[in-house]
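# Observations on chain architecture
Here's the letter readout for the chains.
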Amino acid sequence: MSHETLKTDILILGMGAAGQLAALYAYDANPDLKITIVTKALKGKGGCSRMVQGGLNVVLNDSDSHEKHLMDTLKGGQYVNDQDLARTLVEEATPTIKEMETRFGCFFDRNPDGTIHQKPFAGQSFDRTVHKGDLTGIEMISRTTEQIMKRDIQVLEECRAVDLLTDDSGDEVTGALMLDMKQGRFVVIEAAATLVATGGGPTQYSFHAPGPEKSVDGLAMLYRAGVRLRDMEMIQFHPTGLIIPGSVVAGSLLEEGLRGAGAHLYNGEGKRYMHKYDPAEERATRDVVSRSAFLEMLAGRACVEGGIQIDAAHMGAEFVLKNFPGMAARCRQFGYDLARERVPISPTAHFVMGGADIDKNCHTSLRRLFVAGEDSGGVHGGNRLGGNGICESAVYGRQAGKSLARFFRTNSSTPPETAPGLVDELKKKFTEPFGRSGSTEDVFQLRRQLQECNWKKVGVVRNGQDMESAIGEINFLKEESKKVKVTGGDNYNMVWNTYIDLTNMIDVSDMVVASALARKESRAAHYRSDFPDQNDEIGLFNTYLTLGDNGLPTLHSEPVDFKYKSAEECRNHKK
Amino acid sequence: MAQEQGNTRKVAIYRYDPTVGGDGHYDHYDLHIEDETNTTILDVLLRIQREQDSTLAFRYACRVNMCGSCAVVINGREGLACKTNVSDFAESKDLTIRPLNHFPVVKDLVVDMGPFFEKYEECLPFFEPRDMSEEPAIIRPDSIERRAIGFSTECIACGCCVSSCTMVNYHDGYAGPAPLNRAFTLLLDSRDALYEERLDRVLQSCYNCRTEFNCTEVCPKEISCTRSIKFIQRLAIKEPFRAKAKSKAEAAASAPAHGENVAAEPCAAHASGEAGQCGCDENLDTGRRNFLAKVTVGLGAVSALTVGGVLASTFVGQSLDKKEPVWVPAGKLGDLKEGDVTTVNLRYVENVGFYNQERVKPVMIYRNQEEDKVVVYDSRCTHLGCSVHWDARQKLFLCACHGGAFELDGSVKAGPPPRPLATLEHRVENGNILIAMV
């Protein structure tokens with residue numbers, strides 16, 4: 001299969017908040033730069049940013065402070081955050097959100113006096129979540145997509161990067177190999193600088209909040225390119241994913257605000273149980289509430305649908321319908337009456353805290369490569385606070401954009417040569433399934449097996465034995481995936497796409513299980529039933545990994561750098 | 001509601017293979033569904049792809065009504081596959097799923113949304129800050145501006161509205177509902193600097209809307225694009241232009257480049273968020289208006305020919321019964337400004353069947369000094385009978401309801417009116433004008 005070659009100054013993979021803001025800020029800093037955004041979906045329609053319901057945590061009020069936001073973030077992350085990244089997050093969030101309004105035209109909800117409204121979210125010492133109803137992501141992404149249209153920025157839609165390209169040394173990124181899904185052909189994009197901002201989305205678990213097209217592509221590509229990643233054991237499970245048997249909508253969220261407002265959780269015996277796990281009961285942080293639900297389910301106290309139940313009805317139907325119209329509507333579509341009855345829910349895989357090891361200007365361990373948003377790690381430590389996720393994407397998108405523009409002041413805009421033969425090798429690898437004959441594996445079936453394996457063995461509650469067995473199972477699935485046969489034409493071939501998704505999900509599964517085995521304690525989102533306690537004597541480290549010669553992750557750990565706040569200060573912070 | 005044993009549905013899905021070309025065809029599948037209340041049309045597509053035909057192509061992303069990728073036509077009606085459940089259709093009904101109308105098909109149910117985004121961009125859908133303030137604007141949620149905008153900003157650009165619209169295929173220049181809705185939200189946004197340029201771009205389009213409400217009916221986010229389009233027309237009427245329409249070429253030459261800040265001086269009311277209330281006429285730049293392009297005149301004429309014949313005897317003017325006119329005094333001829341139109345409210349008593357009723361009716365009197373003649377126009381729009389008013393700046397009679405516009409000679413300039421304004425008989429006695437009201 002032949003391919004087309006395009007050249008650009010800046011290549012941005014992903015068109016969520018991080019990718020879009022990076023493009024906008026880089027362009028505004030230097031409109032002469034040729035910027036190309038590549039998105040797997042239609043313009044502005046992919047990614048998790050658009051799906052954000054809650055909002056962004058931002059310090060806007062005189063009674064609040066960056067100090068408080070930082071301490072909340074470190075406490076929420078159970079102290080293993082990169083403090084430089086966390087500090088940049090909270091400090092730059094303020095100008096970022098203001099510019100979202102003043103430069104890009106977002107309009108967030110207002111107080112009666114016309115100032116920006118901020119609502120309470122779990123784990124915060126101040127009500128600082130800026131939002132637009134319960135559809136914040138739509139406002140942010142629609143407005144920034146329009147801003148992209150306004151500028152001379154090229155967007156390649158329904159085009160997915162399949163792998164990053166590097167030079168002969170492997171130290172410099174020279175662009176990426178794309179698959180134009182609509183046409184079914186490869187495109188090589190040579191770029192002087194590349195930003196990976198595809199978003200994570202742990203869809204390698206059977207129950208997941210992000211849409212299925214989010215398949216941890218960025219993390220997998222970074223890993224395969226030899227980038228250093230960190231904290232990959234930290235996968236966030238959101239406590240309240242809707243159970244809809246047999247539907248792809250299963251796992252989508254009922255927003256956290258329901259518990260914030262006073263909703264109760266019930267197990268299959270019809271009893272409230274959260275008091276057994278945390279004095280804050282239903283208002284404890286996401287990791288605690290998810291784990292408690294999972295333990296109830298493991299103990300055989302699941303409801304008939306297989307999870308637990310949320311009860312908002314006791315707050316009164318009128319209250320629920322007025323304050324959570326979107327959630328009530330989502331339930332109603334599937335025959336559940338959120339305002340008047342209990343609704344079955346389950347923890348659902350939601351966010352990857354780990355990712356590329358970056359500095360606050362989004363540089364990575366490879367030259368000419370930048371990473372922003374969920375593909376990067378370190379900002380949130382072991383657990384992300386609600387409202388800090390889209391905040392990270394926006395803040396670090398902006399950081400990346402400025403950083404990319406600066407890059408061209410001192411660096412050549414001609415990338416080095418891509419390693420000879422690399423493009424052909426990758427093209428061959430990704431088209432192999434077309435040439436296979438004989439009995440074939442069903443890609444959908446393999447994906448489901450992988451999701452079930454991760455859910456059961458590397459999920460909310462883990463232990464060494466299960467994870468060891470998961471390694472074997474993932475390896476088996478990796479081998480089986482090499483037998484997948486894809487039929488049909490090249491263009492808009494969804495099975496081919498699912499195959500590429502699957503290879504990415506397998507690579508990320510490798511990273512998660514290896515990192516999780518290395519942390520022999522429980523911390524934040526990482527809970528091991530064989531080491532159920534948080535142990536600050538041994539646990540104050542970060543796990544780093546790169547792809548080893550054997551095709552598996554090579555790990556090492558480094559102690560947490562308590563650059564601004566000591567572990568003691570973090571521990572003592574009361575929200 | 002929940003099916004005990006489930007139900008087997010016959011599903012017909014449109015198939016098109018670009019390497020084969022042609023008109024495409026329908027493939028038929030039988031799908032057993034256990035619980036139809038829990039099964040969306042997207043689930044149906046995913047299952048058929050997984051279980052029966054892996055070559056089936058369709059588009060989706062978020063699967064929770066937030067991205068607008070999975071719009072299709074289901075049993076003749078546009079909707080998001082993820083927001084439509086099988087149980088929305090009677091158990092005995094077969095399902096027919098086809099791609100959106102008015103878009104080129106890429107493969108099977110996947111359409112090329114390029115034309116949609118082109119139209120969208122033409123409407124200048126992006127915010128351009130009016131000033132370089134670093135602080136978010138103080139705008140009360142109950143301001144007129146924000147109440148009018150409402151949740152219209154929540155459009156997810158799925159294209160359902162465009163597919164449902166019967167007009168987009170007839171008028172090349174028609175931007176369609178969603179782009180106009182976006183323009184509407186920005187036109188009302190007091191923070192935005194491109195008011196005039198945007199209005200200039202979109203107003204012509206608005207006159208292509210025939211108020212069928214299809215877009216409003218199918219919108220998965222329950223936005224009324226019809227309302228947005230009509231709102232733009234009202235804005236234009238409230239803030240008319242001083243200059244005559246320019247030629248198309250001139251308009252194109254003066255159109256702003258993307259990103260260029262071409263803000264005119266804002267009016268005070270606009271800046272304070274009182275959109276729709278301000279009388280910004282005085283501040284408007286004169287040379288920039290090109291509202292009612294010739295194309296709409298042509299369209300008006302077409303509809304006048306086709307619809308006019310049907311409606312002529314039903315709406316305006318001639319009653320079937322011969323009725324003696326009432327001659328109503330309308331003031332002194334000498335008081336009417338020469339070469340201009342004066343609106344006069346006539347007060348008279350009309351016999352309405354079983355009773356007499358006092359009427360107050362506005363009429364519009366044009367005094368042409370050169371030809372020494374007077375023309376009296378009925379103020380009822382020939383479309384649906386709304387009140388027409390004279391706009392001195394544009395030298396047009398305008399109707400606020402659906403954007404109808406008439407020339408000084410009463411002929412249709414733009415919009416839906418099927419025929420010219422009706423004229424009323426008059427006579428002049430001793431310098432007083434008398435008008436025949438029927």
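Residues numbered from 1 in each chain as written. Chains lettered and ligands numbered in written order. Predicted model: local features only at pLDDT ≥ 70, side-chain atom pairs only at ≥ 80, totals over all residues. Heavy atoms only, no water.

## A word on the overall build of chain A
In terms of helices and strands, chain A carries 16 helices and 19 strands. In terms of C-alpha radius of gyration, chain A reaches 23 Å, essentially the compact-globule figure of 25 Å for 575 residues. Seen along its three principal axes, the alpha-carbon backbone of chain A occupies a region of about 65 × 60 × 50 Å. A sequence separation of at least 24 residues applies to 75% of the contacts in chain A between residues at least 6 apart. Accessible surface, chain A as shown: approximately 18,500 Å² in total, 47% of it carbon and sulfur. Across chain A, the 68 positively charged side chains and the 78 negatively charged ones have centroids separated by 3 Å. (Helix = DSSP H or I, 4+ residues; strand = E, 2+ residues; numbered from the N terminus. Rg over C-alpha atoms; globule rule 2.2 N^0.38 Å. Contact = heavy atoms within 4.5 Å. Areas by Shrake-Rupley, 256 points an atom, 1.4 Å probe, with all protein chains shown as cover. Lys, Arg positive; Asp, Glu negative; His and termini not counted. Charge placed at Lys NZ, Arg CZ, Asp CG, Glu CD.)

## A short note on the overall build of chain B
Helix and strand counts for chain B stand at eleven helices and 18 strands. For chain B, the proportion of its 438 residues judged to be buried stands at 55%. A fraction of 65% describes how many contacts in chain B between residues 6 or more apart in sequence connect residues 24 or more apart. Total accessible area computed for chain B in this model is approximately 19,500 Å², and 50% of it derives from carbon and sulfur atoms. (Buried < 20%, exposed > 50% of the residue type's maximum accessible area, 1.4 Å probe, protein only.)

## Some points on unusual backbone geometry
All names here are of chain B. In the Ramachandran plot, Ala157 falls in the positive-phi region, its phi being about 50 degrees despite a non-glycine side chain. Residue classification places Ala157 among the buried residues on the basis of a relative accessible area of 11%. One non-glycine residue, Lys395, lies in positive phi territory at about 55 degrees. With respect to the secondary-structure elements, Lys395 resides in the loop between strand E12 (388-391) and strand E13 (396-399).

## Some points on the interface of chain A and chain B
With 61 residues of chain A at the contact, the number on the chain B side is 63 residues. Carbon and sulfur atoms make up 56% of the area that chain A and chain B hide from each other, which totals about 5,200 Å². Counting the contacts that link chain A with chain B gives six salt bridges. Across the salt bridge formed by Glu146 of chain A and Arg182 of chain B, the nearest N and O atoms sit 2.8 Å from each other. Our count for the contact surface shared by chain A and chain B stands at 30 residue pairs in polar contact (both at pLDDT 80 or more). The set of elements that each furnish at least two residues to the side of chain A that touches chain B consists of helix H3 (83-102), helix H4 (136-150), helix H9 (325-333) and helix H14 (494-518) of chain A. With eight residues, H4 of chain A is the single largest residue contributor to the side of chain A that touches chain B. Among the residues making up the side of chain A that touches chain B, the classes are represented as 24 nonpolar, 18 polar and 19 charged. (Buried area = accessible area lost by both parts, 1.4 Å probe. Salt bridge = Lys/Arg side-chain N within 4 Å of Asp/Glu carboxyl O. Polar contact = N/O pair within 3.5 Å; in protein donor to acceptor, adjacent residues only side chain to side chain. Nonpolar A, V, L, I, M, F, W, Y, C, P; charged D, E, K, R; others polar.)

## Details of the packing of helix H6 (residues 195-206) of chain B against helix H8 (residues 225-238) of chain B
All names here are of chain B. H8 packs onto H6 with a crossing angle of 120 degrees between their chain directions and a minimal axis gap of 10 Å. By the angle between their directions, the pair H6 and H8 is classed as oblique. Every pair of crossing elements has a handedness; the one defined by H6 and H8 is left-handed. Here Tyr195, Leu199, Val202, Leu203 and Cys206 of H6 come into contact with H8, specifically with Ile229, Ile232, Gln233, Leu235 and Ala236. In terms of residue class, the contact of H6 with H8 is made up of nine nonpolar, one polar and no charged. (Axes fitted to C-alpha atoms, helices over the stretch in contact; angles between N-to-C directions. Parallel < 35°, antiparallel > 145°, perpendicular 65-115°, else oblique. Left-handed = near helix turned anticlockwise from the far one by under 90°.)

## Considerations on the pairing of strand E5 (residues 95-98) of chain B
Residue and element names in this part refer to chain B. On E5, burial follows the alternation: Leu95 and Ile97 on one face are buried, whereas Thr96 and Arg98 on the facing-out side are not. In the sheet, strand E1 (residues 7-15) pairs with E5 via three bridges, with the strands oriented parallel. Each bridged residue has a counterpart across the sheet, and for Ile13 the counterpart in E5 is Ile97. Pairing geometry for strand E3 (residues 71-74) and E5, over two bridges, is antiparallel. Counted as the bridge partner of Val73 is Arg98 from E5. (Pairing = 2+ DSSP bridges.)

## Focus on the environment of Gly14 of chain A
Residue and element names in this part refer to chain A. Checked against the element boundaries, Gly14 lands in the loop between strand E1 (3-13) and helix H1 (17-29). Placed 23 residues apart in sequence, Gly14 and Ile37 show a C-alpha to C-alpha distance of 6.9 Å. Among all residues touching Gly14, those that are not within four sequence positions of it are Gly19, Ile37, Val38, Ala197 and Thr198.

## Some words on the packing of aromatic side chains
All names here are of chain B. Counted under the stated rule, the structure contains 19 aromatic pairs over all chains. Ring centres of Phe117 and Tyr120 lie 6.4 Å apart, and the angle between their planes is 75 degrees; on these two criteria the pair is classed as edge-to-face. Within this pair, Phe117 and its partner Tyr120 are both found in helix H2 (residues 114-122), separated by three residues, close to a single helical turn. Overall, Phe117 belongs to the buried group, its relative accessible area being 5%. On the basis of relative accessible area, Tyr120 is assigned to the buried category, the value being 6%. Relative to Phe397, the ring of Trp390 has its centre 4.7 Å away and its plane inclined at 55 degrees; by these criteria the two rings are tilted. Looking at Trp390, the relative accessible area reads 13%, which means it is buried. (Phe/Tyr/Trp six-rings, centres within 6.5 Å; stacked < 30°, edge-to-face > 60°.)

## What to know about the sheet that holds strand E8 (residues 326-332) of chain B
Each strand in a sheet pairs with another by means of backbone hydrogen bonds, the pair being arranged parallel or else antiparallel. Residues and elements named next belong to chain B. With respect to topology, three strands assemble into an open sheet ordered E8-E18-E17, the strand pairing being antiparallel. Of all strands in the sheet, those bounded by a partner on one side alone are E8 and strand E17 (426-429). The average angle at which neighbouring strand axes cross in this sheet is 30 degrees, direction not considered.

## Overview of the environment of Phe184 of chain B
One can find Phe184 of chain B in helix H5 (residues 177-187). Setting aside residues up to four positions removed in sequence, Phe184 of chain B forms contacts with Ala148, Ile149, Ser152, Arg227, Ser228, Phe231 and Ile232 of chain B.

## A few points about the packing of H2 of chain B against H5 of chain B
Residue and element names in this part refer to chain B. In contact at an axis separation of 9 Å, H2 and H5 are set at 25 degrees when each is read in the N-to-C sense. Judged by the angle between their axes, H2 and H5 are roughly parallel. Here the hand of the crossing between H2 and H5 comes out right-handed. Along the contact surface, H2 presents Phe116, Lys119 and Tyr120, while H5 presents Ala178, Pro179 and Arg182.

## Comments concerning the confidence of the model for chain B
Residues and elements named next belong to chain B. Scored by pLDDT, chain B comes out at a mean of 81, with 78% of its residues at no less than 70. In the predicted structure, residues 242-321 sits below a pLDDT of 50 and forms 137 contacts with residues beyond four places in sequence or in another chain. Scored by ipTM, the complex comes to 0.95, with pTM at 0.82. (pLDDT = per-residue confidence, 0-100.)

## Concerning the pattern of salt bridges
A full pass over the atoms with the stated rule returns 74 salt bridges over all chains. Residue Arg128 of chain A is joined to Asp72 of chain A by a salt bridge in which the shortest nitrogen-to-oxygen separation is 2.9 Å. Note that Arg128 of chain A is positioned in the loop between strand E4 (118-119) and strand E5 (129-130) and Asp72 of chain A in helix H2 (residues 66-76), a separation of 56 residues in sequence. On the basis of relative accessibility, which here comes to 1%, the residue Asp72 of chain A falls in the buried class. Across the pair Lys337 of chain B and Asp340 of chain B runs a salt bridge, and its minimum N-O distance is 3.6 Å. By sharing partners, the salt bridges in this structure join Glu233, Arg519, Glu521, Arg523, Asp536, Glu568 and Arg571 of chain A into a single network.

## Here's the deal with helix H11 (residues 422-435) of chain A
Residues and elements named next belong to chain A. Counted at 1.5 Å a residue, the expected span for H11 with its 14 residues is 20 Å, and the 20 Å between its end C-alpha atoms agrees. Considered for burial, the residues of H11 that qualify are Leu422, Val423, Leu426, Lys427, Phe430 and Pro433. In this fold, the buried residues of H11 make contact with E1, strand E7 (159-166), strand E8 (173-180), strand E9 (185-196), helix H5 (217-224) and H14. (Expected span 1.5 Å × (residues − 1).)

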